[in-house]
Amino acid sequence: MKHVKSFILVCGGTGCRASESALIADDFRNMVRQLAIEDQTAVISVGCFGFCEKGPIVKIIPDNTFYTNVSRADVEEILKEHIIMGRPVHRLLYENPETHEKISDSKHMDFYRKQKRIALRNCGFIDPENINDYIARRGYEALGTVLSKYTPAETIDIIKRSGLRGRGGGGFPTGLKWEFASKSVSNEKYVVCNADEGDPGAFMDRSILEGDPNSIIEAMAICGYSIGASRGLVYIRAEYPLAVHRLEVAISQAREYGLLGDAIFGTDFSFDIEIRYGAGAFVCGEETALIHSMEGHRGEPTVKPPFPAVKGYMGKPTNVNNVETFANVPVIILNGPEWFSSIGTERSKGTKVFALAGKINNVGLIEVPMGTTLREVIYEIGGGIKNGKKFKAVQTGGPSGGCLTEEHLDIPIDFDNLLAAGSMMGSGGMIVMDEDDCMVSVAKFYLEFIVEESCGKCVPCRIGNRRLYEMLDKITKGKGTEEDLEYIENLSKVIKDTALCGLGQTSPNPVLSTLEHFRDEYLAHVRDKTCPAGKCRALMHYVIDPEKCVGCTACARACPAEAITGERKQKHEIDQNKCIKCGACYEKCKFSAINIA
Amino acid sequence: MDKKIKVIIDNKSVEVAPGTTIYQAAKQAGVDIPVLCYMNLHDLGVENKPGGCRICVVEVEGRKNLAPSCSTECTEGMVVRTHSVRVLNARKNVLELILSDHPKDCLLCQKSGRCELQDLAVRMGIREIHAVENALVSTYRKDESPSIIRNMDKCVMCRRCETICNEVQTVGALSAVNRGFNAVVATAFEQDLKDSRCTFCGQCVAVCPTGALTEVDHTPKIINALADPSKTVIVQTAPAVRAALGEEFGFAPGTLVTGKMVTALRRLGFDKVFDTDFAADLTIMEEGTELLKRITGYLNGDKTVKLPILTSCCPAWVNFFEWNYPDMLDVPSSAKSPQQMFGALAKTYFAKMMGIDRKNLVVVSVMPCLAKKYECQRDEFKVDGNPDVDYSISTRELAHLIKLANIDFASLPDSGFDDPMGESTGASVIFGVTGGVIEAAVRTAYEIYTGRKLESVDFHELRGFEGIRTATIDFNGLKLNIGIAHKLGNARKLLDGIRAGMYNFHAIEIMACPGGCIGGAGQPLHHGDSSIIQARMDAIYREDAGKKIRKSHENPYIKRVYGDFLGYPMSEKAHELLHTHYFKKEKL
């Protein structure tokens, strides 16, 4: 019999696979065979570790050694040195950027120290394509427990008592949602998993499905039992091929094991899951739009009520939860609602997964208890701002969230606090901005996304957001006025007040929050026609410092617009009317005589 | 009955039934909330309620955002404000947004004066639109079909056309495409309407609040024809026109203006003013004979006979079955529609009588319908390229012609139609309402089949607005099962049932438009008020009741045309002139 001493866990998430991690895993397997150590060494492709900044990641168990930026060239050394000789490969260990100390055990890394992984509990530990791995970590025990010990009402009560709230953005209490669906009387009901993750830069749900697909299947079955549904549907973006593949593998393995299908665990409960593909429309993450898309109709929201719990997919009662919400369910059953509700803040229980992005050192996927502060996330887990720049703002809640500032950094993160601060939890995107970011441009960037993704059904979102975008564009081009700011503010409020669905109602958040927290920056654009961050090209001026100019003519020769005049050895000058702001002169000047104003 | 719900709207307390929307409750409280996308032809079962325009938003106490009153149901104790500063600011801004993406050429727009968006702008007192210079505006290719013009630059995405085309008519020609600012209602692959599966029923035009969907205007051609001394120009008017034309001149809905209409047409310069009703009586003779022939054949065990027989007066319905039921083309009656029967007789019988070459005879029809514009252009209704009916204009276009000619319609005296194609019966008048064609057919078929005189010609069991109606009429022992459907979605239900062998109907009448021709797309716009269509229906039945002759076969001029020209119903001559065949239309 095989007696494995070392497990080589190679990240098999989409991010690391983009850096050849699948080939690295193959190389490990081949070389393990060549070195004839396959009896004691197992190579496993696991889900995302979260530390995407330093991928591809390879972890050696049981030592818990955490290798970063591993390439195919490192495979041989890791095997020969670490696995065979027991000497960790120092150059591949993570280095604390401040102390320059090499850290071997990931538990000691700042990135992981403050994290608490519940939804991500199996990501980076198990082979997502092997149901036995999941079962070995108490997989499907929760389903068995529920089916043998609890009535549907008792199960719903457990979820209610846990305080779990929807992780897709709205934060609606999950148990209550289940209860509504359970009370609807119908011959058929549906459980839908919303895997239409659409926020730019967010990959929470994708990572869970790629790293631990069985947890979603198990949770959907538990939900089905609770509300009286025997059919489950996963609505997933077709752009997530790896997640789709792993989910398909997991579903077929679960069927093989009798964990999906008829008479699960010998009870009279039957449940099966089908996959439905989304075509990448952001609005299809809204539950009514999602349902219409699954029905084969145009993916656009309808007025609620009726809520899906009453009239959902094919007109039948339907419970829609997001991937991360489901990922919490089996653990809540296993560890009890009291355990779960002991984590987090008063009204937001458990943890939240965030995708850290932007100007932050440790870009990646993290999971922290509710109540962790933004400062802890950004400075401790995230390792602070890139290149030692100054923090300016953090955008939470995806494209329709708000921008929070320095003064908000000590706010404990939870649903209500973020809302009160003018932003929102959203599905967990967190984008960090530094002093080089122009907040008007940031707002414009998010609006551009919304304009692109609006379904076009209601006027405020279809036309209003387009007009907002045009106003912001005007401001970044130096043509805005102070009256425009008033108009933008009022229009934003009207859009929030009148749009049909969650997308439209939150779409002006980036504009309103930046207007509130960075009004000076807007005023600089409209009054002084300058962009303090130096991002808005139309507002930049290249000027020649007469003190420093030696009249070498290099700039004049480089200028494609013939905007620079001046005799040899005389001070040169830039004609602002001719200047196209290409920056060629700035690059050419050897005397630092050209400044950006 | 459920308990009533108490709500307070603008400080007025009202009690409403559960399920009542804020908009409906407000009406009860005497509060008229403006709407744009919302439309409810309640009696006709047509409703559009996407909650998309957000014009009807109101403030509901305790609710975070404003609520669309058209699609938000009242709850007990709800406190609603429909004109607070917050609501007015929102409503005005939303309307400004719509206008910011709408052409401002109101003066030149066909819908000017009856455009719901224009009315809203007037009501809200919009004076300027805040938009940046060079703000993006939607521009689309103009699409002109034989009946309908689509100018989607003027589309406000109310989705009424989409609802009527898909849910009511189940035609499926129109659907929203694209996203965000580029979202618009279009045909599949944005092909031309004439290449789509459109039936030209025109109900999209009838419900469009703006000038995005309008009819093809033939009035200039008619003005020119009337001015051409080498042409003899005659006109026929459909039964439903006389019950609605008055609305265009300020008469109450349901006012019959037959006599004034005839006078006006004469003053416009038509050489003869005839009545499509005459041709409707002819239709009954042909279709009724065909019905009896098929039934007797069927009862005698002739296996080649197909039942039920379906009426074929409605050109949109003909298009619909040509597209969707190509396997059942032998089921509808082969009788042409009254418009085309009239045209065929006019350019043969009448032309001969007057000694005019058909090329110099211009036949104009005034129809409550837009599909008739398409129908008269069908190749099988032309002789050597010369159409039996040259131009078909709508009730609205006729009103426009009358106004152009400076005719003070209200003060006109009544006058009667010309002979020989102006005389008609009560049976032909009711062609204008759902159930009317079959009732007219029953009046004649009964007497011919049984040889007895009908005691009462009023078949109330065949009347009403119910989408699908069935009745059994006793023909002296022969129980005739009759089906009636209006709106094409109901026609589809009946046809699917027949295809599946679910029914044993002998005869079925189908009309494409809600309520029949009185709700046709060429009629004065109803703006979502179904009581107008009800009033027209009442008028039609009034006209029928007031007629001396109420059975088609008793029309003396019908007898004469058979005696002088056609011989007998379904004769060889009648077949050549009054019957047609249908074509399979290929789906994309």
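Residues numbered from 1 in each chain as written. Chains lettered and ligands numbered in written order. Predicted model: local features only at pLDDT ≥ 70, side-chain atom pairs only at ≥ 80, totals over all residues.

1. Description of the overall build of chain B
Then, in step 1: Scanning chain B from N- to C-terminus turns up 18 helices and 22 strands.
Then, in step 2: Its C-alpha atoms put chain B at 75 × 60 × 50 Å along the principal axes.
Then, in step 3: Across the 588 residues in chain B, those meeting the buried criterion constitute 52%. (Helix = DSSP H or I, 4+ residues; strand = E, 2+ residues; numbered from the N terminus. Buried ≥ 20, exposed ≤ 12 C-beta atoms within 10 Å, placed from the backbone.)

2. Here we look at the nonpolar core
Then, in step 1: With 348 residues, the main nonpolar core has Val-10, Ile-216, Met-220 and Ile-222 of chain A together with Trp-317 of chain B as its most contacted residues.
Then, in step 2: Those residues in contact with Met-220 of chain A that sit more than four places away from it in its chain are Val-191, Cys-193, Gly-232, Ile-273 and Phe-326 of chain A.
Then, in step 3: Of all hydrophobic cores here, the second largest spans 12 residues; its members include Ile-544, Cys-555, Cys-559 and Ile-564 of chain A. (Core = buried A, V, L, I, M, F, W, Y, C linked by C-beta atoms within 7 Å. Contact = placed C-beta atoms within 7 Å.)

3. A look at the domain arrangement of chain B
Residue and element names in this part refer to chain B.
Then, in step 1: Domain boundaries in chain B define domain 1 (5-124) and domain 2 (279-337 + 423-578).
Then, in step 2: For domain 1 and domain 2, the distance between their C-alpha centroids amounts to 41 Å.
Then, in step 3: Of the residues lining the interface, 10 residues belong to domain 1; the matching set on domain 2 comes to 11 residues.
Then, in step 4: Top element by residues in the side of domain 1 that touches domain 2 is strand β3 (residues 39-41). It accounts for three residues.
Then, in step 5: Within the side of domain 1 that touches domain 2, the residues separate by chemical class into four nonpolar, three polar and three charged. (Domains from an automatic or database assignment. Nonpolar A, V, L, I, M, F, W, Y, C, P; charged D, E, K, R; others polar.)

4. Some words on unusual backbone geometry
Then, in step 1: Here the bond from Gly-55 of chain A into Pro-56 of chain A is cis, since omega is -5 degrees, no more than 30 degrees from zero.
Then, in step 2: Looking at where Pro-56 of chain A falls in the secondary structure, it is placed in the loop between β2 (41-46) and β3 (58-61).
Then, in step 3: The backbone phi angle of Glu-190 of chain B is positive, close to 50 degrees, even though this residue is not glycine.
Then, in step 4: With respect to the helices, strands and loops of the structure, Glu-190 of chain B is situated in the loop between β11 (184-186) and α5 (203-207).
Then, in step 5: Overall, Glu-190 of chain B belongs to the partly exposed group, with 14 C-beta atoms counted inside 10 Å.
Then, in step 6: The backbone phi angle of His-527 of chain B is positive, close to 50 degrees, even though this residue is not glycine.
Then, in step 7: Position of His-527 of chain B among the secondary structure elements: in the loop between β22 (507-511) and α16 (530-545).

5. Section: the interface of chain B and chain A
Then, in step 1: Counting residues at the interface gives 30 residues for chain B, matched by 28 residues for chain A.
Then, in step 2: In terms of residue count, the dominant contributor to the side of chain B that touches chain A is helix α2 (residues 85-100) of chain B (seven residues).
Then, in step 3: Within the side of chain B that touches chain A, the residues separate by chemical class into 17 nonpolar, 10 polar and three charged.

6. Comments concerning the pairing of strand β1 (residues 6-11) of chain A
All names here are of chain A.
Then, in step 1: The buried count for β1 comes to five of six residues, which makes it a mostly enclosed element.
Then, in step 2: Across six bridges, β1 lies against β2 in parallel orientation. When the sheet's bridge partners are listed, Leu-9 is paired in β2 with Ile-44.
Then, in step 3: Across four bridges, the pairing between β1 and β3 is antiparallel. Residue pairing in the sheet places Val-10 in a bridge with Val-58 of β3. (Pairing = 2+ DSSP bridges.)

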